[in-house]
Amino acid sequence: MPVLGRDVTVPLVTGGEVTYAALDYAASAPALQRVWDDVAAYAPYYGSVHRGAGYLSQLSTDLFENSRATVAEFLDCREGDQVVFTRSTTDSLNLLAAALPADCQVFVFETEHHASLLPWRDARVSYLDAPRTPDEAVQTLERALADREPYGAALVCVTGASNVTGELWPVRELAAAAHAHGARIVLDAAQLAPHHPVSVRELDVDWVAFSGHKLYAPFGSGVLAGRSDWLTAAEPYLAGGGASRKVARRPKEAGGGVAVEWHDTAARHEAGSPNVIGAYSIAAACKALTEAGFDQLVAREEHLIATVREGLAEVPAVRVLSLFGDDAPRVGVISFVVDGWNSSHFAAALSAEYGIGVRDGLFCAHPLLRTLLGGEPDEPGECGAPEAAPGEKSLNAIRVSFGAGTPDEHVERFVRAVKELVADGARWSYRTEDGRCVPDTGDAVAA
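If you're wondering where the values come from, they're calculated on a predicted model, not measured in any experiment.

(A) Structural context of the pattern of salt bridges. One pass over the full model with this rule turns up 21 salt bridges. Across the pair R201 and D76 runs a salt bridge whose closest N-O atoms are separated by 3.1 Å. Placement of the pair is R201 in helix α7 (residues 200-203) and D76 in the loop between α2 (55-74) and β4 (82-86), with a sequence separation of 125 residues. With its nearest N and O atoms 3.1 Å apart, the salt bridge here joins E261 to R245. Here R245 lies in strand β11 (residues 244-249) and E261 lies in strand β12 (residues 258-262), a separation of 16 residues in the sequence. Residue R245 is classed as partly exposed on the basis of its relative accessible area of 41%. Taken together, the salt bridges that share partners define one network made up of D24, R359 and R399.

(B) Structural detail: the sheet that holds strand β17 (residues 397-401). Pairing in this open sheet of four strands is antiparallel, and the strands run β13-β14-β17-β16 from one edge to the other. Since the sheet does not close on itself, it has two edges, and those belong to β13 (318-320) and β16 (359-361), each with one partner. The average angle at which neighbouring strand axes cross in this sheet is 30 degrees, direction not considered. In terms of strand pairing, β16 meets β17 through three bridges, oriented antiparallel. Within β17, the position partnered with G361 by the bridge is A397.

(C) Here's a closer look at the packing of helix α1 (residues 33-42) against helix α9 (residues 276-292). Between α1 and α9, the shortest axis-to-axis distance is 9 Å and the interhelical angle comes to 140 degrees. For the element pair α1 / α9, the angle class is oblique. α1 and α9 meet at a crossing whose hand is right-handed. On α9, the residues touching R34, V35, D38, V39 and Y42 of α1 are V276, I277, Y280, S281, A284, A285, K287, A288 and E291. Grouping the amino acids of the contact of α1 with α9 by side-chain chemistry returns nine nonpolar, one polar and four charged.

(D) Highlighting the sheet that holds strand β5 (residues 105-109). In spatial order, the strands read β4-β10-β9-β8-β7-β5-β6; together these seven strands make up an open sheet with mixed pairing. Strands with a single pairing partner mark the edges of an open sheet, and in this sheet they are β4 and β6 (124-128). Strand-to-strand twist across the sheet, computed as the mean angle between neighbouring axes with direction ignored, equals 20 degrees. With three bridges connecting them, strand β8 (residues 184-188) and strand β9 (residues 207-211) associate as parallel partners. Bridge pairing in β9 links L187 to V208. Contacts from α2 reach β4, β9 and β10 (222-226) within the one sheet, and its direction differs from that of β4 by about 115 degrees.

(E) Geometry of the confidence of the model for the protein chain. Confidence in the prediction for the protein chain averages 93 pLDDT; 94% of positions are at 70 or higher. pLDDT under 50 marks residues 377-385. Its contacts with residues more than four places away, or in other chains, come to 19 contacts. Considering only residues more than four positions removed or in separate chains, one finds that residues 443-447, a stretch of pLDDT under 50, has eight contacts.

(F) Examining the pairing of β8 more closely. Most of β8 is tucked away, with five of its five residues classed as buried. The side-chain alternation of β8 yields two buried faces, one formed by R184, V186 and D188 and the other by I185 and L187. Here five bridges tie strand β7 (residues 154-159) to β8, and the two strands are oriented parallel to one another. Bridged to L155 within β8 is R184. Viewed along the sheet, the connection from β7 through helix α6 (residues 171-180) into β8 turns out right-handed.

What counts and what doesn't
Residues numbered from 1 in each chain as written. Predicted model: local features only at pLDDT ≥ 70, side-chain atom pairs only at ≥ 80, totals over all residues. Heavy atoms only, no water. Salt bridge = Lys/Arg side-chain N within 4 Å of Asp/Glu carboxyl O. Helix = DSSP H or I, 4+ residues; strand = E, 2+ residues; numbered from the N terminus. Buried < 20%, exposed > 50% of the residue type's maximum accessible area, 1.4 Å probe, protein only. Pairing = 2+ DSSP bridges. Axes fitted to C-alpha atoms, helices over the stretch in contact; angles between N-to-C directions. Parallel < 35°, antiparallel > 145°, perpendicular 65-115°, else oblique. Left-handed = near helix turned anticlockwise from the far one by under 90°. Contact = heavy atoms within 4.5 Å. Nonpolar A, V, L, I, M, F, W, Y, C, P; charged D, E, K, R; others polar. pLDDT = per-residue confidence, 0-100. Right-handed = clockwise from strand over helix to strand, strands pointing away.

Below, the structure written as structure tokens:
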């Protein structure tokens, strides 16, 4: 599937230019060309959303609400489920956190991305240890739920695919365990939805959250979809126009101020002028992926995964990180460390000398990385900005990720570059600047 930027060339520190190999899809996937074209076709008709009398306003309103229906169909939502447009997966899960009933207890594995690990500050939170098999994940959750406090609601939060290892989690089994113990479950599908179909009905999850910028749509939009009762009972996520149905002054004898009647639809949590471009771009991506067929996309991605994993397996100095083992099903997200290399240095060399963009750091999943790397919980580390200089040890890793639109040449170049760097070392010297490893300009090392 064609993506934007596929023909972009970047300079190499060693001289010349090369077509950029974008292998950081897990952070942000490039926008599909079709999505960009759809948005560009709509742009001249851009208008205010909701309540506008003009033609463009009505057109934009229809587009916005039809986008909601498209996302609901993409997720195979149940009748009565709500689709709320947000800014991102993080925003979606913070919205749900703000809508939790009083005394709700939340269960979350330490393996989660910070977006799904951290929003539950006002709830009773039980953090579960990292499991080493899918079965252990289910058993761990079942034990925790069986021992939970016998009052209040309960919510389980789990990822569909790890943003560190790419491994698929047993979502359907975890949902069954949650429901058997009277709990609900929210699925962080940020890394799953771009690679596999996500059916709310089949997985039997109560909510699902994901981001447009990982689903081959431009930045700035996300989705929370699922059951409406907790959302309708909660105070609006933001107070303002759009969320309110009716606002009136109270008589002074009644205490003054204003009386507000809030919407009980998705609009309740969408105050302000909505991001119609963001909503439409997500819907366009949903349509493009559905029409392309996930069977073909998965088969193509499995070929790329095999190419990378087989290539890395040929380099003894490389250790691929995994919770569930080599045979675990996964999406196109692979993290690893290289003996004798600081991961930031290695990633910088891939970029500067080969035109390959990957990610290094702790990937906003610090507890999981520390578990996989054997680091102590109190060791310092920043998301994507390790402090160690080239040649020094640091608690960080390298992540390569890919998906629709990734050509064979990009992953083949990556594997070749890893082998060359491990065998021959970098051809340039590097230094630490503002916490990042960067080429030391003008100071070449003989090849």
